[in-house]
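Results of the structural survey
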Amino acid sequence: MSLLARYEEAAKLTHQMLAAAQVQDWDSMNATAEMREKIFAGLPQKLPPLPNNEQLALARLIRDILDCHTEIAEHAKPWLEHTATLLAKFKQAEAKTAS
């Protein structure tokens, strides 16, 4: 699989992650993230010399992936805040029980 094809697949999976985040399907999002991580793990640390059109395509894909991450974070933020509140309440209850 070419470098461009791997980035295209990573972008496709990132869009699937975003769709899952939009409906708060965190299990599906995490499973898709694991598949995408396998692609990222196989990417070179440094990009090889590429034709200009491939460089531009990669740049678009990377921006798209980053934009999706921003939106995923926006969808996850309320859930994370809710979870933090629950954990704080559990910690308070635990402290009361221990005293």
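For the structure itself, look to the data block above.
So, a few notes on the structure that sits alongside this text. (Residues numbered from 1 in each chain as written. Predicted model: local features only at pLDDT ≥ 70, side-chain atom pairs only at ≥ 80, totals over all residues. Heavy atoms only, no water.)

What follows covers the nonpolar core. Counting residues in each nonpolar core, the largest one holds 13 residues, and the members touching the most others are L3, L4, Y7, L58 and L61. Listing elements by their share of this core, those giving two or more residues are α1 (3-22) and α3 (52-98). In terms of residues, this core owes the most to one element, α1, which gives six residues. Discounting chain neighbours no more than four positions away, the residues touching L3 are L43, P44, L47, P48, L50 and L58. Ranked by size, the runner-up nonpolar core spans ten residues in total, among them L18, A33, I72 and A76. (Core = buried A, V, L, I, M, F, W, Y, C linked by side-chain atoms within 4.5 Å. Buried < 20%, exposed > 50% of the residue type's maximum accessible area, 1.4 Å probe, protein only. Helix = DSSP H or I, 4+ residues; strand = E, 2+ residues; numbered from the N terminus. Contact = heavy atoms within 4.5 Å.)

Turning our eyes to something else, we now look at the packing of aromatic side chains. For the structure shown, the criterion picks out one aromatic pair. Centroid distance W26 to W79: 5.9 Å. Interplanar angle 40°. Geometry classified as tilted. Of this pair, W26 sits in helix α2 (residues 26-41) while W79 sits in helix α3, placing them 53 residues apart in sequence. Taking relative accessible area as the criterion, W26 reaches 14% and is therefore assigned buried. (Phe/Tyr/Trp six-rings, centres within 6.5 Å; stacked < 30°, edge-to-face > 60°.)

Quick look at the packing of α1 against α3 now. One can describe the packing of α1 onto α3 by two numbers: an axis separation of 9 Å at closest approach and a directional angle of 20°. Judged by the angle between their axes, α1 and α3 are roughly parallel. The handedness of the crossing between α1 and α3 is left-handed. Listed contacts from α3 to L3, L4, Y7, E8, A10, A11, T14, H15, M17, L18, A21 and Q22 of α1 are E54, A57, L58, L61, I62, D64, I65, C68, H69, E71, I72 and H75. Taken together, the residues of the contact of α1 with α3 sort by class into 15 nonpolar, five polar and four charged. (Axes fitted to C-alpha atoms, helices over the stretch in contact; angles between N-to-C directions. Parallel < 35°, antiparallel > 145°, perpendicular 65-115°, else oblique. Left-handed = near helix turned anticlockwise from the far one by under 90°. Nonpolar A, V, L, I, M, F, W, Y, C, P; charged D, E, K, R; others polar.)

So, about the environment of A98. Locating A98 in the fold gives a position in helix α3. As for A98 and E34, which are separated by 64 residues in sequence, their C-alpha atoms are 39 Å apart.

Taking 1.5 Å per residue as the helical rise, α3 with its 47 residues ought to reach 69 Å, and the 64 Å between its terminal C-alpha atoms agrees with that figure. In α3, a bend of some 35° at A76 exceeds every other bend along the element, and P78, a proline, comes one to four places later. Among all positions of α3, only A57, L58, L61, I65, C68, I72 and A76 are buried. For α3, the elements touching its buried residues are α1 and α2. (Expected span 1.5 Å × (residues − 1). Bend = angle between axes of the 7 residues up to and from the residue.)

Right, let's talk about the side chain of T14 for a bit. Mapped onto the elements of the fold, T14 is located in helix α1. Using a relative accessible area of 0% as the deciding quantity, one classes T14 as buried. At 3.0 Å, the side chain of T14 forms a polar contact with the side chain of R36. Ignoring any residue separated from it by four or fewer positions in sequence, one finds T14 in contact with R36, I65, C68, H69 and I72. (Polar contact = N/O pair within 3.5 Å; in protein donor to acceptor, adjacent residues only side chain to side chain.)

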